[in-house]
Amino acid sequence: MNDFTITGGTIVNPVDNYYGPGTIVVKKGKIAEVRKGKAGKRGNVDASGLLVCPGLVDMHVHLREPGFEYKETIYSGSLAAAAGGFTSVACMPNTDPPLDNQEAVRFVVQKAKEAVVHVYPIGALTKARKGKELAEMGDMLQAGAVAFSDDGNGVQNSVIMRRAMEYCKMLGVTAISHCEFDDLADSGVMNEGAVSSRLGLGGRPRIAEELMIAREIMLAEYTGSPVHIAHVSSAGGVELIKQAKKKKLRVTAETCPHYFSLNDEMLESYDTNLKVHPPLRTKKDVNAVKKGIASGVFDVIASDHAPHAYEEKALEFDYSPPGMIGLETSLALVSTELINNKVIDWLEAVRLMSTTPAYILNIPAGKLKAGEIADITIIDPKHEWTFTEDDIKSLSKNTPFVGKKFIGRVVRTIVSGKTVFELK
Ligand SMILES: [Zn+2]
Ligand SMILES: [Zn+2]
């Protein structure tokens, strides 16, 4: 099916703030026309009762290739993305070898051709992500990198971060910061607080995250460079970003579904799937993150999809690697926790999960408009379902959400006019 028409659905299009009936005509992999209002005649894709959105964009995933193909490959990650409604993803450079040079970035761009969704590499800010010397960002940009980050770790040295941000500004791209000071986070495995004391687990204090968020904001102000704060987990972090936005600094921020749906008390189960960096915080933080989403403090919701093998996650809490998968559950969590509880509406959700991340990465996505690539996600907002292991397309299954009841589900994902996922 190359040329088709989607009728009967509700178009959710943040670029012109339109939420209403409409028709989308797709020709040769591109959007030929977006018509508002009820369709005169039926098209060949019936979207009655469904939402028709620009393809979702996840700007923060770990696809593990090269080096850890047993956890995830670019191809398997793309299948997980498609099942979650994502038509574009940006993958972090903490692979082995890391994406810190042109050759490595080219490898991902090459592999991405076999993927079922668009995959964009994020290059490392520093060589080997060691935080000591700037990586060859200009070369990587030419090879196809869309942003730069040492994600997995924060850049500990402030001079290096300053130069990295200035260099990114010069190149016209955004530096993405994983905010945690290693000395303060120490070897902690969960949020430092009452629960960590009770469980006898080492704490990662919120100050480890908040101090670096504050540093990045001050560096953005001092250098005039853009910075994107990854995975904000704490109330203090939300407040810092709110203040930065009041000052109109070039600071954008993301949070992840686990930071608005899970809290540190849940770690009483000792489920290692709940171990993430930064760690799950308290209920108060969860509420602050939700309030931040509701009030426009956040620009992006990203999954921080971080696959790990069963044997790795089966280790004791202290030794299990941090991270959970998220591509298949992101949209469902946004729908169930945020939209269903009236924290935000669908237009805002699609802005956070498509239009704004596409804008930050400067990639061709995020809008339903004539001439654009036909990347379209169709969602059933009322679909009630229980998430099971069978729904996981990722090679890894490290998620705490198996068994969770969701409202809202992706029913079809279209990439360049081709259906790459369809709910059976
Ligand atoms: Zn990170
Ligand atoms: Zn990450």
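Whatever comes next refers back to the structure up there.
Bear in mind the structure is a predicted one, so any value in this text is a computation, not a measurement.

Caption draft 1: A look at the coordination of the zinc ion (ligand 1). Bound to the zinc ion (ligand 1) on the protein side are Asp151 (OD), His178 (ND1) and His231 (NE2), at distances that span 2.0 to 2.1 Å. Expressed as a motif, the donor residue spacing for the zinc ion (ligand 1) is D-x26-H-x52-H. If you look at the zinc ion (ligand 1) and the zinc ion (ligand 2), they sit 3.4 Å from each other and are both ligated by Asp151. Separated by 27 residues along the polypeptide, Asp151 in the loop between β10 (147-149) and α4 (158-171) and His178 in the loop between β11 (175-177) and α5 (182-185) bring together distant segments of the chain. In this structure Asp151 comes out as buried when scored by relative accessible area, which is 2%. Accessibility expressed as a relative area gives 4% for His178, which makes it buried.

Caption draft 2: Layout of the side chain of Glu254. Among the structural elements, Glu254 can be located in strand β15 (residues 251-255). One buried charge, Glu254, has no salt-bridge partner; the nearest side chain with opposite charge is Lys245, at 11 Å. Polar side-chain contacts of Glu254 include one of 2.9 Å to the side chain of His228.

Caption draft 3: Structural context of the environment of Lys291. Secondary-structure assignment places Lys291 in helix α10 (residues 283-294). As for Lys291 and Ala235, which are separated by 56 residues in sequence, their C-alpha atoms are 9.5 Å apart.

Caption draft 4: Structural view of the pairing of strand β18 (residues 405-415). In terms of residue burial, β18 counts as a mostly covered element, since 9 of its 11 residues are buried. One ladder, built from 4 bridges, connects β18 with strand β19 (residues 418-422); its direction is antiparallel. Note that in β19 the partner of Ile414 across the bridge is Thr419. The antiparallel pairing of β18 with β19 creates a hairpin that spans 2 residues between the two strands, and Ser416 there sits at a positive phi of about 50°.

Caption draft 5: Spatial organisation of the environment of Val57. If you trace the backbone, Val57 turns up in strand β7 (residues 56-61). Since its relative accessible area comes to 1%, Val57 is described here as buried. Taking the C-alpha atoms as reference points, Val57 and Thr23, separated by 34 residues in sequence, lie 22 Å from one another. In this structure Val57 touches Phe86, Ser88, Met353, Ser354, Pro357, Ala358, Ile363 and Ala365, once residues within four positions along its chain are discounted.

Caption draft 6: Spatial organisation of unusual backbone geometry. Geometrically, the link from Asp96 to Pro97 is a cis peptide bond, its omega value of 0° lying close to zero. Along the chain, the position of Pro97 falls in the loop between β8 (86-91) and α2 (102-112). A cis amide bond links His277 with the next residue in sequence, Pro278, at an omega value of -10°. Inspection of the secondary structure assignment puts Pro278 in the loop between α9 (257-261) and α10. Although it is not a glycine, Asn362 adopts a positive phi angle of roughly 55°. In this structure, Ser416 is a non-glycine residue whose phi angle is positive, near 50°. Its place among the elements puts Ser416 in the loop between β18 and β19.

Caption draft 7: View of helix α7 (residues 206-223). Compared with an ideal rise of 1.5 Å per residue, which puts 18 residues at 26 Å, α7 spans 26 Å between its outermost C-alpha atoms and is within 8% of the ideal. Residues of α7 that are buried: Ala208, Glu209, Glu210, Met212, Ile213, Ala214, Arg215, Glu216, Ile217, Leu219, Ala220 and Thr223. Buried residues along α7 sit against α4, β11, α5, β14 (227-229), α8 (235-246) and β15. Phi for Gly224, located one or two positions after α7, is positive at around 70°.

Caption draft 8: Quick peek at the sheet that holds β10. Pairing is parallel across the open sheet formed by 8 strands, whose spatial order is β7-β8-β9-β10-β11-β14-β15-β16. Of all the strands in the sheet, just β7 and β16 (300-301) have a single pairing partner and so form its edges. With 2 bridges joining them, strand β9 (residues 118-123) and β10 adopt parallel strand pairing. The residue bridging Ile122 from the neighbouring strand is Ala147, located in β10. Across the sheet, α4 touches β10, β11 and β14, and the angle it forms with β11 is around 145°.

Caption draft 9: Structural detail: the coordination of the zinc ion (ligand 2). For the zinc ion (ligand 2), the full set of protein donor atoms is His60 (NE2), His62 (NE2), Asp151 (OD) and Asp304 (OD), at a range of 2.1 to 2.2 Å. Taken together, the 4 donor atoms coordinating the zinc ion (ligand 2) span angles of 84 to 168° at the metal, a pattern that classifies the geometry as irregular. Ordering the donors of the zinc ion (ligand 2) by residue number gives the pattern H-x1-H-x88-D-x152-D.

Caption draft 10: Looking closely at α2. Of all the residues in α2, the buried ones are Ala104, Val105, Val108 and Ala112. Angular distribution of buried residues about the axis of α2 spans 100°; they occupy a single face of the element. Two to three positions downstream of the cap, the backbone nitrogen of Glu103 sits 2.9 Å from a side-chain oxygen, assigning the N-cap of α2 to Asn101.

Caption draft 11: Spatial organisation of the pairing of β9. Among the 6 residues in β9, 6 count as buried, and that is most of the element. The alternating pattern of β9 places His118, Tyr120 and Ile122 on one face and Val119, Pro121 and Gly123 on the opposite face, and all of these are buried. The pairing of β8 with β9 spans 4 bridges and is classified as parallel. Looking across to β9, one finds that Ser88 is bridged to His118. For the crossover from β9 across helix α3 (residues 137-143) to β10, the handedness is right-handed.

Rules behind the numbers
Residues numbered from 1 in each chain as written. Chains lettered and ligands numbered in written order. Predicted model: local features only at pLDDT ≥ 70, side-chain atom pairs only at ≥ 80, totals over all residues. Heavy atoms only, no water. Donors = N, O, S within 2.8 Å, 3.2 Å for Na, K, Ca; no water. Helix = DSSP H or I, 4+ residues; strand = E, 2+ residues; numbered from the N terminus. Buried < 20%, exposed > 50% of the residue type's maximum accessible area, 1.4 Å probe, protein only. Lys, Arg positive; Asp, Glu negative; His and termini not counted. Salt bridge = Lys/Arg side-chain N within 4 Å of Asp/Glu carboxyl O. Polar contact = N/O pair within 3.5 Å; in protein donor to acceptor, adjacent residues only side chain to side chain. Pairing = 2+ DSSP bridges. Contact = heavy atoms within 4.5 Å. Expected span 1.5 Å × (residues − 1). Axes fitted to C-alpha atoms, helices over the stretch in contact; angles between N-to-C directions. Tetrahedral: all angles 85-135°; square planar, octahedral: opposite > 155°, others 65-115°. Arc of directions from axis to C-beta. Right-handed = clockwise from strand over helix to strand, strands pointing away.

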